[in-house]
Amino acid sequence: MAAYTVVMENLKERAEFMKESMHKSQTITDNMISILGSFDHRLSALETAMRPTQIRTHSIRKAHENIDKTLKVAESILAQFDLARQTEAKILRGPHEDLESYLEAVNQLRSIVKFFSSTKGLKSSIGMINHASNLLAKSVLKLEEEFRQLLTSYSKPVEPDRLFDCLPQSLRPSTGSPSKGDGTGMKEHQRSLETVVYHPPALIPPRILPLLHELAQQMIQAGHQQQLYTIYKEIRSSVMEQSLRKLGVERLGKEDVQKMQWEVLEAKIGNWIHFMRISVKLLFAAEKKVSDQIFEGQDSLRDQCFAEVTANSVAVLLSFGEAIAKSKRSPEKLFVLLDMYEIMRELQSEMDIVFGSKYCSEMREAAKVLTDRLAETAQETFVDFEEAVEKDATKTSVLDGTVHPLTSYVINYVKFLFDYQSTLKQLFGDADDGNSKDQLGVITTRILQALQSNLDGKSKQYKDPALTQLFLMNNIHYIVRSVRRSEAKDVLGDDWVQIHRRVVQQHANQYKRISWSKILQTLSVQGVSTAGSGSFTGEVTSSNSGVSRSTVKDRFKTFNMLFEEIHQRQSQWTVPDSELRESLRLAVAEVLLPAYRSFIKRFGPMIEGGKNPQKYIRYTPEDLERMLAEFFEGKTWKGP
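Rules behind the numbers
Residues numbered from 1 in each chain as written. Predicted model: local features only at pLDDT ≥ 70, side-chain atom pairs only at ≥ 80, totals over all residues. Heavy atoms only, no water. Helix = DSSP H or I, 4+ residues; strand = E, 2+ residues; numbered from the N terminus. Buried < 20%, exposed > 50% of the residue type's maximum accessible area, 1.4 Å probe, protein only. Contact = heavy atoms within 4.5 Å. Areas by Shrake-Rupley, 256 points an atom, 1.4 Å probe, with all protein chains shown as cover. Axes fitted to C-alpha atoms, helices over the stretch in contact; angles between N-to-C directions. Left-handed = near helix turned anticlockwise from the far one by under 90°. Nonpolar A, V, L, I, M, F, W, Y, C, P; charged D, E, K, R; others polar. Phe/Tyr/Trp six-rings, centres within 6.5 Å; stacked < 30°, edge-to-face > 60°. Core = buried A, V, L, I, M, F, W, Y, C linked by side-chain atoms within 4.5 Å.

### A few points about the overall build of the protein chain
Then, number 1: Broken down by element type, the protein chain carries 21 helices and zero strands.
Then, number 2: For the protein chain, with 640 residues in total, the buried portion stands at 44%.
Then, number 3: If you take every contact in the protein chain between residues at least 6 apart in sequence, the share linking residues at least 24 apart comes to 81%.
Then, number 4: Total accessible area on the protein chain is roughly 34,400 Å²; 52% of this is exposed by carbon and sulfur atoms.

Structural data, given as structure tokens:
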């Protein structure tokens, strides 16, 4: 209990102590609040007293800041004035001494105008702007003149030899004349073996192009785009035309073409093909690079300038092609038309790229029109040629029955067609359906049919029907042999060859029948020969019983007369193919000699025992064989 009392006493004392402590704390808090309130009042009074001083200090600081800003602006303005004086000095000296420095000065001058235009409230700004603007105007005129002089100095016509050196080796002329080069009339298979690489020349030195580009940019910024366009067009178009004239390009129209002899015109067409290739792949491509670099970033002006520079040159080139396409058609023009069509097709992709802008649309369209017109004229010439072959009424006659010039001409014509298979494939629109061979086969067949029809007509001019057959045999054989040895065989087919070989044999058989049936009849005696009158076998099988000597003499005399006549005439005829000639002689000998030997064996003894037997038996079988070897040699003709 005592312990409890002690504890309670202790707790009470502590409680009293805590109460007393809390009271002191509250008193201290109240005192602090009172002191702080007093401080706040004093600070407020102090702030009120200090406010004028603070205001003066702030104003002084602001004034210093404004002075600093003004000094900086003044320094900037003075720097611009100083820069303007330096720039003016460079501008007045002109661009000739140091073009790059001059261009830098022009840019500085523009910056000065911009600076003073943005500086308001400065009385000198307007004057400086006017002065700088006047300088800028003068500088642009000097830049314009510099652009003209620089472009003129480095724009020179390209010499032909330099252009030829840019061509692939196989297309370079062997002499100074393009017409004698390997490039014209080159066969397709030769061209396909080579990877053709062209190297367009640099028309303006590479180090000059950036300067011209910068000058052009300055003129454009100054609003002198039209002047730039005029200068560039005038200089570059003139140089382009001079380059083409040096190369040999002429402006020729339909009337000029019509007046030319074919040999002259053919050479000019060969040159034109060469010129087109050089112009598109070298000159125009190189000119495109020049305009691309000078007018980089100015697409519309670039394309417009290029179009204007090349327009007249393209027109001159295409006008010659148009003149040929519109000129009077003739068979000899077909292959040059195909050559011209071929080069236009070859250049089509380059034309589409080089002249791809909207400003070149007329040139692209003109090239397409020419290509289509050449195709149309070539197709019409095919038809004309077929008709010309069928209706050929040339007075040239072959008295010896050999191959007619028309035949060799037409066959060579057909052979040349096969050098243009891919061209004809394009020409007749067979690129997708694979029928080029069929189309070429149809054309070839029609031409050969027209030729055979004409030969049939020409064969009727001969009075001797045997010579008619020999003539047809020679000419059809020549056609068949030529077809068999050319690509035409693949197109016409084996059936065509076999059919016409039989035709040759038929004409040979007709010749033998007409020429030799009558003489073979003399080797038979009526009532003795069982072969029958007119037989071509010539066999004498029955005995000589009942045959009079006079009859035998008459037969020998008639045989001699007929054979000598045939020998004299037919040794003047010609079978130009050696194999056919020997074959025909052998065919005659195989019939004539056995019949003659048989006749002499059976009836010779009746003559040999009489007077002057050599008068009747004039030839031995060996003599006849020797004389047959003289047939078809084309000896001097003495009349039909």
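### So, the packing of helix α19 (residues 549-570) against helix α20 (residues 578-608)
Then, number 1: Contact geometry for α19 and α20: axes closest at 10 Å, N-to-C directions at 145°. Of the two elements, α19 crosses α20, and the hand of that crossing is left-handed. Here Arg549, Val552, Lys553, Arg555, Phe556, Phe559 and Phe563 of α19 come into contact with α20, specifically with Leu592, Tyr596, Phe599, Ile600, Phe603, Met606 and Ile607.
Then, number 2: Of the residues contributing to the contact of α19 with α20, the split by class is 11 nonpolar, no polar and three charged.

### A closer look at the packing of aromatic side chains
Then, number 1: Taken as a whole and judged by the stated rule, the model has 21 aromatic pairs.
Then, number 2: Centre to centre, the rings of Tyr511 and Phe632 are 5.7 Å apart; their planes meet at 70°, and the pair counts as edge-to-face. Remark: Phe632 occurs in the segment after α21 (621-628) and Tyr511 occurs in helix α18 (residues 494-522); sequence separation between them is 121 residues.
Then, number 3: Grouped by ring-pair contacts, the aromatic residues Tyr511, Trp516, Phe559, Phe563, Tyr596, Tyr619, Phe631 and Phe632 constitute a single cluster.

### Things to note about the nonpolar core
Then, number 1: Formed by 157 residues in total, the largest nonpolar core has its most connected members in Phe147, Trp272, Ile294, Leu417, Tyr511 and Trp516.
Then, number 2: Residues in contact with Phe147, not counting those within four places in the same chain, are Leu212, Leu215, Ala216, Met219, Leu228, Ile231, Tyr232 and Ile294.

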